[in-house]
Amino acid sequence: MARFPMKHDPGMGRCQFADGAMRPVYDDGKSKYVIDDDGYRVYGVWLIPEDEPDLPLIVPADEGMQ
């Protein structure tokens, strides 16, 4: 049972977690959150914003060091 009374916050999408679970991402008007296994809201940045479609460039530390 959820620890917080659940309002009908609009769902924005889904996010896959490290354990493989797909959880819906909600927006309460202030921030984005998911519901953890214990029924608590976990706030954070769960979806990449649409205006930033490119992922960051990751370069290994040893590359280019010659």
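Residues numbered from 1 in each chain as written. Predicted model: local features only at pLDDT ≥ 70, side-chain atom pairs only at ≥ 80, totals over all residues. Heavy atoms only, no water.

Per the counting criterion, the structure on display carries three salt bridges. Between Arg23 and Asp37 there is a salt bridge, with its nearest N and O atoms 2.6 Å apart. In this pair, Arg23 sits in strand 2 (residues 22-27) while Asp37 sits in the loop between strand 3 (32-35) and strand 4 (41-43), placing the two residues 14 residues apart along the sequence. The salt bridge involving Lys32 is made with Asp27; its shortest N-O contact spans 3.7 Å. We classify Lys32 as partly exposed; its relative accessible area is 29%. Three or more residues are tied together by salt bridges with common partners; here these are Asp19, Arg23 and Asp37. (Salt bridge = Lys/Arg side-chain N within 4 Å of Asp/Glu carboxyl O. Helix = DSSP H or I, 4+ residues; strand = E, 2+ residues; numbered from the N terminus. Buried < 20%, exposed > 50% of the residue type's maximum accessible area, 1.4 Å probe, protein only.)

This part takes up the pairing of strand 1 (residues 11-16). As judged from the five bridges shared by strand 1 and strand 2, these two strands associate in the antiparallel manner. Paired with Gly11 across the two strands is Tyr26, which belongs to strand 2. Between the antiparallel neighbours strand 1 and strand 2 lie five residues, among them Gly20 with a positive phi of about 90°. (Pairing = 2+ DSSP bridges.)

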